[in-house]
Amino acid sequence: MSFQGRSVSARTSDGGTDVRGGLARYVIAATLARSADGGAVIAIVLMVTMSGSPGWLAGVLGACITAPHLLGPFVARILDTARDGRSVIALACMAHGVTLAAAVLLYPVTWPVITGILLIASGLVGPLLTGGISSRLPAIAGPDRSSQRRAQGWDVATYGLGGTIAPSLVAVVSAWSGPAVAALMLAAATFVAAAVIRLLPYSPPAAAASEVPHPGRTLVMMCSNGPLRRTLYMTVVVALSVAVLPITAVASTGDFAVEPAAAGVLAAAYGLGGLAGSAGVMLRPMRSDADRLMTWLAAGVGMTLAGAAFAGSFPTAVVAYSLAGIMNSYFFAATLAARSEYAPPEARGQVFVWVGALKITAGSAGTALAGAVVSHATQLPLSLAVAVIAALVGLSVLDRRTSSGIRAKARATQGRDLN
């Protein structure tokens, strides 16, 4: 109760009653930060490739900025222990920008290993620009669940906008002035994001630093907590599954007798569907229990992937890809709701980053696996993804029923002991 009191008073004293203003600043900061985080990989790969270096070096340096996301949870504890989490995220944004800019500027004049080390440093703070920023949302959106879930729709939209803006910006600027300039523009965006993050409403730490669990204990807690456990494995599996779509889009253009460039239409359909889904959450927030929502929305994602796998024509595939984007946005919003509603306050930042880091890793694994099997059959990656999601849905239903049975038995035993 004392934590809730501190949170309300902080919101009032900091002018946070203006939820719309706080949310608008959040959207600006999150979009800029996520654009920089997502676009940096494309800019680095283009820069290395266009310099005449071998493709393997481009891949290694690209991995240097993405692979460290998996270590994000081990730097995220500071979010839950800091007196002001805004300062942590703002510093992370600036660190990302400085190391990215340094890597780009030094690449032509030093050894690639130096560039790689700088990109690893940039990647280490990347999770604070994704899941870390999302952990600030509950303090901004207002106390009631409808406001929280509407705000989560905006959060999903920032990922979609970042994923759309960043590649477009890198492509345009690279053609006009080179990928190094594009990367430096993304680095500059992180400083703007840092300034806006400092303008977000303040919320005090939920607990003393000594009460905040370490990353390993947080993961154990998540695995032992039914709703958070299901949030974790459903997020990972769905991320792995939808990551096969870009690979399948390119491979399937031959089956549809269209130009390879038409794969971009399928990718755009998926992206626009994602933005439409986030808009749907904003306009009509989901009201059901987040735990159950995740299960049925995961099933919906699986059905749209099945539609993409069995699409007999290019227009049908466009519709299926757009529906997949819509359903994935709804599913993503449900996972954000689950993280907000089921995570203990003293570990909320770590929970957000743990799920986000594993989601990014799963997406990379899904893309790699799709590339490995698509040569055997164009729709094989999608078929495997549908099968995995179907198994996931069944597992989550069984998991929830088992957890409910255990809780009911524990309550019955406790009642007998009291009598």
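## Topic: the overall build of the protein
Point 1. Per the secondary structure count, the protein includes 19 helices and zero strands.
Point 2. A compact globule built from 419 residues should have a C-alpha radius of gyration of about 22 Å, and the protein, at 22 Å, falls within 12% of that.
Point 3. If one aligns the C-alpha atoms of the protein with their principal axes, the spans along those axes are about 75 × 45 × 35 Å.
Point 4. When the 419 residues of the protein are sorted by exposure, 51% land in the buried category.
Point 5. Sequence-distant contacts, at least 24 apart, represent 84% of the contacts inside the protein between residues at least 6 apart.
Point 6. Approximately 18000 Å² of the protein is accessible, and the part contributed by carbon and sulfur atoms is 70%.
Point 7. On the protein, the mean spot of the 28 positive side-chain charges and the mean spot of the 16 negative ones are 5 Å from each other.

## Quick word on the packing of aromatic side chains
Point 1. Throughout the structure, instances matching the rule amount to three aromatic pairs.
Point 2. With a centroid separation of 5.7 Å and 70° between ring planes, the pair formed by Phe74 and Trp354 is classed as edge-to-face. Here Phe74 is found in the loop between helix H3 (55-66) and helix H4 (77-81), whereas its partner Trp354 is found in helix H18 (residues 348-373), with 280 residues between them in sequence.
Point 3. Looking at Phe74, the relative accessible area reads 52%, which means it is exposed.
Point 4. Seen from their ring centres, Phe256 and Phe314 are 6.2 Å apart, and the 70° between their planes marks the pair as edge-to-face.

## Here's the deal with the packing of helix H5 (residues 85-106) against helix H11 (residues 179-197)
Point 1. Between H5 and H11, the shortest axis-to-axis distance is 8 Å and the interhelical angle comes to 165°. The pairing of H5 with H11 is recorded here as roughly antiparallel in orientation. Crossing hand, H5 versus H11: left-handed. Note on element contacts: H11 touches H5 through Ala180, Ala183, Leu184, Leu186, Ala187, Thr190, Phe191, Ala193, Ala194 and Ile197, opposite Arg86, Ile89, Ala90, Cys93, Met94, His96, Gly97, Val98, Leu100, Ala101, Val104 and Leu105.
Point 2. Each residue belonging to the contact of H5 with H11 can be placed in one class, and the counts come to 18 nonpolar, three polar and one charged.

## So, the pattern of salt bridges
Point 1. Summed over all chains, the structure comprises eight salt bridges.
Point 2. Between Arg34 and Asp155 there is a salt bridge, with its nearest N and O atoms 2.7 Å apart. With Arg34 in helix H2 (residues 19-50) and Asp155 in helix H10 (residues 145-177), the pair connects residues that are 121 residues apart, well separated along the chain. An identical accessibility class is assigned to Arg34 and Asp155; each is buried.
Point 3. Here Arg198 and Asp84 are joined by a salt bridge, their closest N and O atoms 3.2 Å apart. Here the residue Arg198 occupies a position in the loop between H11 and helix H12 (215-224), and Asp84 occupies one in the loop between H4 and H5, the gap between them amounting to 114 residues.
Point 4. Salt bridges here are not isolated pairs; linked through shared partners, they connect Arg229, Arg230, Asp291, Asp399 and Arg400.

## Quick notes on a nonpolar patch on the surface
Point 1. Together, Trp111, Val113 and Ile117 line one region of the surface with nonpolar side chains, adding up to about 380 Å² of accessible area.
Point 2. Its location among the elements puts Ile117 in helix H6 (residues 112-124).

## Overview of the nonpolar core
Point 1. By size, the foremost hydrophobic cluster in this structure holds 45 residues, and its most contacted members are Leu305 and Phe331.
Point 2. Counting only elements with at least two residues in this core, the list comes to helix H13 (226-242), helix H14 (245-252), helix H15 (263-283), helix H16 (290-309), helix H17 (314-342), H18 and helix H19 (380-418).
Point 3. Ranked by residues supplied to this core, first place goes to H17 with 12 residues.
Point 4. The residues touching Phe331, leaving out its near neighbours within four places in the chain, are Met234, Thr235, Val238, Met294, Leu297, Ala298 and Val301.
Point 5. Membership of the second largest hydrophobic core comes to 27 residues, among which are Tyr26, Ile89, Ala92 and Ala193.

## Describing the packing of H2 against H10
Point 1. Contact pair H2 / H10: the axes reach a minimum separation of 7 Å and the direction vectors enclose 40°. For the element pair H2 / H10, the angle class is oblique. Two packed elements cross with a definite hand, and for H2 against H10 that hand is right-handed. Along the contact surface, H2 presents Leu23, Tyr26, Val27, Ala30, Thr31, Arg34, Ser35, Gly39, Ile42, Ala43 and Leu46, while H10 presents Ala151, Trp154, Asp155, Thr158, Tyr159, Leu161, Gly162, Ile165, Ala166, Pro167, Val170 and Ser174.
Point 2. In the contact of H2 with H10, the residues fall into 15 nonpolar, six polar and two charged.

Conventions adopted
- Residues numbered from 1 in each chain as written.
- Predicted model: local features only at pLDDT ≥ 70, side-chain atom pairs only at ≥ 80, totals over all residues.
- Heavy atoms only, no water.
- Helix = DSSP H or I, 4+ residues; strand = E, 2+ residues; numbered from the N terminus.
- Rg over C-alpha atoms; globule rule 2.2 N^0.38 Å.
- Buried < 20%, exposed > 50% of the residue type's maximum accessible area, 1.4 Å probe, protein only.
- Contact = heavy atoms within 4.5 Å.
- Areas by Shrake-Rupley, 256 points an atom, 1.4 Å probe, with all protein chains shown as cover.
- Lys, Arg positive; Asp, Glu negative; His and termini not counted.
- Charge placed at Lys NZ, Arg CZ, Asp CG, Glu CD.
- Phe/Tyr/Trp six-rings, centres within 6.5 Å; stacked < 30°, edge-to-face > 60°.
- Axes fitted to C-alpha atoms, helices over the stretch in contact; angles between N-to-C directions.
- Parallel < 35°, antiparallel > 145°, perpendicular 65-115°, else oblique.
- Left-handed = near helix turned anticlockwise from the far one by under 90°.
- Nonpolar A, V, L, I, M, F, W, Y, C, P; charged D, E, K, R; others polar.
- Salt bridge = Lys/Arg side-chain N within 4 Å of Asp/Glu carboxyl O.
- Patch = residues over 30% accessible without salt bridge, like charges linked within 9 Å, V, L, I, M, F, W, Y side chains within 5 Å.
- Core = buried A, V, L, I, M, F, W, Y, C linked by side-chain atoms within 4.5 Å.

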